[in-house]
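# Notes for the structure review
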Amino acid sequence: MSRLIIASNRLPVMINRSADGMTITPSAGGLATGLKSYHKDSNSVWIGWPGVMPETKKEEKEVIGLLETEQCLPVFLNEELITNYYDGFSNATLWPLFHYFAEFTEFNESYWESYSKVNEMFADAIIENAEEGDVVWVHDYQLLLLPNILRERRPDLTIGFFLHIPFPSYELIRILPWREQIVNGLLGADLIGFHTYDYARHFISSVKRLLGHDVDFNQIKLENRQVMIDVFPMGIDYEKFESHALEIQSKPIQDRSKEHQDIDRFLLSMPNRKLILSIDRLDYTKGIPQRLNAFREFLMKHPDYRERVSLIMLTVPSRTDVEQYQNLKNEIDVLVGNINGEFGTLNWNPVIYFYRSVPFNNLIELYSSADVALLTPLRDGMNLVAKEYIASKVNKKGVLILSEMAGASKELGEAISVNPNNIPDTADAIYRALTKPDKEMEKAITAMQQRIKRYDIHKWASEFMKALNKTIEKRSEHHAR
Ligand code: ADQ
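Think of each chain on its own: its residues are numbered from 1, step by step along the sequence as written. Reporting in this predicted model follows two pLDDT cut-offs: at least 70 for local features of residues, and 80 or more for side-chain atom pairs to be given and counted; totals over whole chains, interfaces and linings ignore these cut-offs and use all residues.

## A few points about the overall build of the protein chain
Convention followed: Helix and strand assignments follow DSSP, with helices taken as H or I runs no shorter than four residues and strands as E runs no shorter than two, numbered in order from the N terminus. Neighbour counting defines burial: a residue surrounded by 20 or more other C-beta atoms within 10 Å of its own C-beta is buried, one with 12 or fewer is exposed, and intermediate counts give partly exposed, using backbone-placed C-beta atoms. Working definition of a contact: two residues with C-beta atoms, positioned from the backbone, lying within 7 Å.
A count of helical and extended segments in the protein chain gives 17 helices and 17 strands. Each principal axis of the C-alpha atoms in the protein chain carries an extent, and together these give about 70 × 55 × 40 Å. Burial statistics for the protein chain: of 481 residues in total, 45% are counted as buried. Within the protein chain, contacts between residues separated by at least 24 positions form 76% of all contacts whose residues are at least 6 apart in sequence.

In structure tokens form, the structure reads like this:
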């Protein structure tokens, strides 16, 4: 029986160096949750960067030992590779380009060299561990070259690839000096999955225009094999969000966290007081300044809402070594300060801003308390926060305002959809959300809940694996002919 090998930049666990040696912490991310059943139940392995660089052989052994208990294998990256492959080609070249920020995209030969090298290192680690006919599932934009490296060195493997970010229009891809290598790198896979139909369509168009291959609907025909392209919108661990939200709702207020009691006091301190929530990594793709400007415009247009509504904005620090992220942090600090300075009173902060990660329980409390979720990315592969908010709304009272540029907007048609660059329209959307009748809210939330409950993270992973296994059957038919 074939085994599954998963490859992603980060492992589902992180290793940290502490005073007492190395420690291991599991990651609660969606990917880890979705693949858990495949990863733990079988004798599969997960290959990736453990987040630490061992300084001695003893430390290396310690890391390997800890990872072994989780069926994980490390690819160790030194500082130079982190700078050039991770901060560089992944996050300063591919990330901005694939999110339509062409002006932020850096073209740098040494970034490219390190990126190719790390993709080779991943291939080495996989090949060392892969048995004849194993199945490999590669994830995301840090490993775009890996499928083809594996294909050339190990044609017996079945290779799947899933892209978690948008695949942009050909007009963006064409500006990349290494465009053919990138598209060709992906074509090493038997199946390539995207969040939305548009991303798949953009990829197919790049394949046709850059490499001239024939395409038959969602099959790319290469000389001696075929590559399937398909759409798998990633879901969330619906049951986990729903059950925690139900548990919180059933707890008496004095048993909830101090933060939740504070939120409740804030909401109860005035009739009709409302809370708007936004949660994201601090990233220029997430449209945070546009969101703040829209909130400011809303307060200008609707002075009767002053002291009656606050925007709680949680941003998780991210890629703090990259220049644009530092500039964005400063821009947000100034905007928040300006809004609070202009409109705030002794009793009221219009924007309550946190620059840190929050524990899962607090996250759920915020999701369940917030009257409105305001998610305005300029581009976003999917946006899982939108789905988490909907799943946590067990009382069905809440409104989602969602950017039409988020992949999730394709599935969440009942949300109030906005173009985040249209500040007056987003300000109006805030007003419409705050005044939405209960009946309409319930109808919209129920419809969205039914959809995302059905296609949750487990279904997403199993549908991908099903489609990948189908390519094995197809391949044997092809060879039999
Ligand atoms: P991200 O850009 O990280 O993911 P998203 O899909 O919204 O974006 O996932 C963020 C996750 O982090 C959510 O699960 C959320 O709960 C958590 N999170 C965010 N802020 C937090 C905070 N302050 N404290 C604690 N947790 C927080 C990339 C792509 C997305 C795509 C996913 C999955 O950019 O478009 O949806 O991968 O494919």
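## Here we look at the pairing of strand S4 (residues 45–49)
The test is simple: When DSSP finds at least two bridges between two strands, those strands are taken to pair.
Taking burial as the measure, the five residues of S4 include five buried ones, the bulk of the element. The pairing of strand S1 (residues 4–10) with S4 spans four bridges and is classified as parallel. Within S4, the residue paired with Ile5 across the bridge is Val45. By the bridge criterion, three bridges tie S4 to strand S5 (residues 72–74) in an arrangement that is parallel. Residue pairing for S5: Gly48 is matched across the bridge by Pro74.

## Here we look at the site of the ligand
Operational definition: In this analysis a residue is considered near a molecule or strand if the C-beta atom, reconstructed from its backbone, is found within 6 Å of that molecule or strand. For this classification, the nonpolar set comprises Ala, Val, Leu, Ile, Met, Phe, Trp, Tyr, Cys and Pro, the charged set comprises Asp, Glu, Lys and Arg, and every other residue, Gly included, is treated as polar.
Taken together, 19 residues surround the ligand, and among them His164, Leu314, Gly381, Met382 and Leu384 come closest. Those elements giving two or more residues to the shell around the ligand turn out to be strand S12 (274–281), strand S13 (309–316) and helix H14 (384–392). Of the residues assigned to the shell around the ligand, the class counts are 10 nonpolar, five polar and four charged.

## Side note on helix H13 (residues 360–369)
Leu363, Ile364, Glu365, Leu366, Tyr367 and Ser368 are the residues of H13 that are buried. In this fold, the buried residues of H13 make contact with helix H9 (238–250), helix H10 (258–268), S12, S13 and H14.

## Notes on the sheet that holds strand S17 (residues 416–418)
Within a sheet, neighbouring strands are paired by backbone hydrogen bonds and run either parallel or antiparallel to one another. Let me state the cut-off plainly: Only the contacting stretch of a helix is used when fitting its axis, a line to C-alpha atoms as for every element, and angles between N-to-C directions run 0 to 180 degrees.
Spatially, the six strands line up as an open sheet ordered S14-S13-S12-S15-S16-S17, and their pairing is parallel. The outermost strands of the open sheet, each flanked by one partner alone, are strand S14 (351–355) and S17. Averaged over all pairs of adjacent strands, the angle between their axes in this sheet comes to 20°, without regard to strand direction. The sheet contact formed by S12 and strand S15 (residues 372–375) spans two bridges and is parallel. For Leu277, the partnering residue across the bridge sits in S15 and is Ala373.

## Focus on the sheet that holds S5
A sheet is described by the order of its strands in space; here nine strands give the open sequence S5-S4-S1-S6-S7-S8-S11-S10-S9, paired in mixed fashion. Edge positions in the sheet fall to S5 and strand S9 (214–216), since each has one partner strand and no second. Strand-to-strand twist across the sheet, computed as the mean angle between neighbouring axes with direction ignored, equals 20°. With five bridges connecting them, strand S6 (residues 135–139) and strand S7 (residues 158–162) associate as parallel partners. Residue pairing for S7: Trp137 is matched across the bridge by Gly160.

## Observations regarding unusual backbone geometry
One non-glycine residue, Gln71, lies in positive phi territory at about 55°. Among the structural elements, Gln71 can be located in the loop between helix H2 (57–68) and S5. Although it is not a glycine, Glu307 sits at a positive phi angle of roughly 70°. Accessibility expressed as a C-beta count within 10 Å gives 16 for Glu307, which makes it partly exposed.

## Observations regarding the pairing of strand S3 (residues 21–26)
Burial within S3 is sparse, with just zero of its six residues counted as buried. Pairing of strand S2 (residues 13–18) with S3 involves six bridges; the strand directions are antiparallel. Directly across from Met14, in S3, lies its bridge partner Thr25. Linkage of S2 to S3, two consecutive antiparallel strands, is achieved through a turn of two residues.

## Some words on the environment of Ile390
Considering the arrangement of structural elements, one finds Ile390 in helix H14. Taking the number of C-beta atoms within 10 Å as the measure of exposure, Ile390 has 31 and is therefore buried. Between the alpha carbons of Ile390 and Phe241 there is a distance of 9.2 Å; along the sequence they are 149 residues apart. Beyond its immediate sequence surroundings of up to four residues, Ile390 is in contact with Leu400, Ile445, Met448, Gln449 and Ile452.

## Some points on the nonpolar core
Condition: Any set of buried Ala, Val, Leu, Ile, Met, Phe, Trp, Tyr and Cys residues joined through C-beta atoms within 7 Å is what this text calls a nonpolar core.
Core analysis: the biggest nonpolar cluster contains 139 residues, and Ala7, Val136, Ala373, Ala386, Leu400, Ile401 and Ile430 have the highest contact counts within it. For this core, the leading source of residues is helix H3 (residues 79–98), giving eight residues.

## Thoughts on the packing of H3 against helix H4 (residues 109–129)
Stated precisely, the cut-off is as follows: Oblique is the label for any angle not covered by the other classes, which are roughly parallel (under 35 degrees), roughly antiparallel (over 145) and roughly perpendicular (65 to 115).
One way to put it is that H3 packs onto H4 with a least axis distance of 8 Å and a crossing angle of 105°. Judged on the interaxial angle alone, H4 and H3 are roughly perpendicular. Between H3 and H4, the residues in contact are Leu81, Asn84, Tyr85, Gly88, Phe89 and Thr93 and Ser110, Tyr111, Trp112, Ser114, Tyr115 and Val118, respectively. Of the residues in the contact of H3 with H4, the class split is seven nonpolar, five polar and no charged.

## Points about the confidence of the model for the protein chain
Put simply, the rule is: Scored between 0 and 100, pLDDT is the confidence that the predictor attaches to each residue.
Scored by pLDDT, the protein chain has a mean of 94; 99% of the residues are at 70 or more. Note on the complex model: pTM 0.96, ipTM 0.96.

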